Amino acid sequence: MQTRLTELLGIEHPVMLAGMGGVSYHRLAAAVSAAGGIGTLGAATMDAATMDAEMAAMRQLTDKPWGVDLLTAMPGDMTAQVQRIIDAGARIFVGALGVPHEVIAMCHDADVLVVNMCGRVHHAVQAVDAGCDLVVAQGTEAGGHTGRVATLPLVPQIVDAVGDRVPVVAAGGIVDGRGVAAALALGADGVWLGTRFIATPEARVSFGYHDALLGADESQTTVSRSYSGKPMRVVANERTAYFDRHPEELAPFPEQMMASIVGGVLHLPTGPDDPNVDPATECYPAGQGVGAIDELVPAGELVARLMAETEAALARIDRLR
Ligand SMILES: Cc1cc2nc3c(=O)[nH]c(=O)nc-3n(C[C@H](O)[C@H](O)[C@H](O)COP(=O)(O)O)c2cc1C
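Residues numbered from 1 in each chain as written. Predicted model: local features only at pLDDT ≥ 70, side-chain atom pairs only at ≥ 80, totals over all residues. Heavy atoms only, no water.

*Asks:* Help me out: how do you make sense of unusual backbone geometry in this one?
*Replies:* Most peptide bonds adopt trans geometry, and most residues besides glycine take a negative phi value. In this chain, phenylalanine 253 is followed by proline 254 through a cis amide linkage whose omega measures 5 degrees. Inspection of the secondary structure assignment puts proline 254 in the loop between helix 11 (238–245) and helix 12 (255–262). At aspartate 111, a residue that is not glycine, the phi angle is positive and equals roughly 60 degrees. Structurally, the position occupied by aspartate 111 is in the loop between helix 5 (101–109) and strand 5 (113–118). (Helix = DSSP H or I, 4+ residues; strand = E, 2+ residues; numbered from the N terminus.)

Next comes the structure, spelled out in structure tokens:
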């Protein structure tokens, strides 16, 4: 399937692995790139040495394009971090809080594409005005930090605003080929998937994460400030319920996040190496599509399955005409 996204990135399928902090490490990202999508390392929770080692592992495992997502890098240290990402051979750099002009210029000088995560139409317009090469329209259904506007209304409005200038990629709540077909119907050029890819053997997950995803239905996520201080969609639990009742006890970002790490309820950074996880209070980010996930599927197989399901969904629509 050829879209403006596959052409821009030189990939086979319009499927992007979300750069999930704590989860999208080299095993998962390389498997998605090798399968013809594009894998993005979630570097938000990595220290410098880990990010370098992860990028070296990507180079070793695949000669296909891959990317790095930094999420919250501060403008000061973003330049140095992005230089290392460029030097390591990434094809795309992903930011979420806006990417400064000088960073975009550095990337473009090195033929690295710049991607921005957007939850509102004006975020997308600002990103494209600043020179970003593609935008991800992420609806509130998404796992992790998220906005208030849902994917169905957000994607076509962002397509209308910037789709004549750059490819638009849909994110939030997409877990199968019906979702991919729907995103294409909304005018998107591809999809950016998080939660569905966590339920793979290659994902880097903390204790209990897979069980929490497989056990949750579509109503069991909630947007909570309890883990980072910013609205984050997670599997609802005792801790999110407590802070729903006691919002006055929440600290702002990043103090609340430090409190969660120190308090032993946020193991995304330490991942599978830390056995001290209590699933009743742990931070398990997940999107509303979680209810449709009932098995772990190897990431490469998942990409092939998504594309076959997309073809079937599009054929079904064609038969209705
Ligand atoms: C565990 C987890 C961690 C995430 N970390 C990041 C991140 O570091 N940077 C980022 O841009 N988005 C992050 N996100 C959001 C994803 O990039 C993506 O937009 C979202 O997962 C899409 O929705 P879905 O989960 O319904 O597929 C994260 C999501 C999850 C579930």
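*Asks:* Whenever I open this one, the domain arrangement of the protein confuses me. Can you help?
*Replies:* The extent of an interface is frequently quoted as the accessible surface area lost upon association of the parts. Segmenting the protein into domains produces domain 1 (4–202 + 292–319) and domain 2 (209–290). Its C-alpha centre places domain 1 at a distance of 23 Å from the equivalent point of domain 2. Facing the 24 residues of domain 1 at the interface are 19 residues of domain 2. Inspection of the domain 1/domain 2 interface yields zero salt bridges. Connecting domain 1 to domain 2 are eleven residue pairs in polar contact (both at pLDDT 80 or more). Every element with two or more residues in the side of domain 1 that touches domain 2 is listed here: strand 7 (144–145) and helix 9 (195–198). Taken together, the residues of the side of domain 1 that touches domain 2 sort by class into nine nonpolar, twelve polar and three charged. (Domains from an automatic or database assignment. Contact = heavy atoms within 4.5 Å. Salt bridge = Lys/Arg side-chain N within 4 Å of Asp/Glu carboxyl O. Polar contact = N/O pair within 3.5 Å; in protein donor to acceptor, adjacent residues only side chain to side chain. Nonpolar A, V, L, I, M, F, W, Y, C, P; charged D, E, K, R; others polar.)

*Asks:* Help me understand the packing of helix 2 (residues 26–34) against helix 3 (residues 48–61), please; the structure alone is not making it clear to me.
*Replies:* Helix-helix packing: each pair is described by the crossing angle between the helix axes and the interaxial distance. Viewed as axis vectors pointing N to C, helix 2 and helix 3 meet at an angle of 35 degrees, and their least axial separation amounts to 9 Å. In this structure, helix 2 crosses over helix 3, and the sense of that crossing is right-handed. Contacts between helix 2 and helix 3 involve His26, Ala29 and Ala30 on the former and, on the latter, Glu54, Ala57, Met58 and Leu61. (Axes fitted to C-alpha atoms, helices over the stretch in contact; angles between N-to-C directions. Left-handed = near helix turned anticlockwise from the far one by under 90°.)

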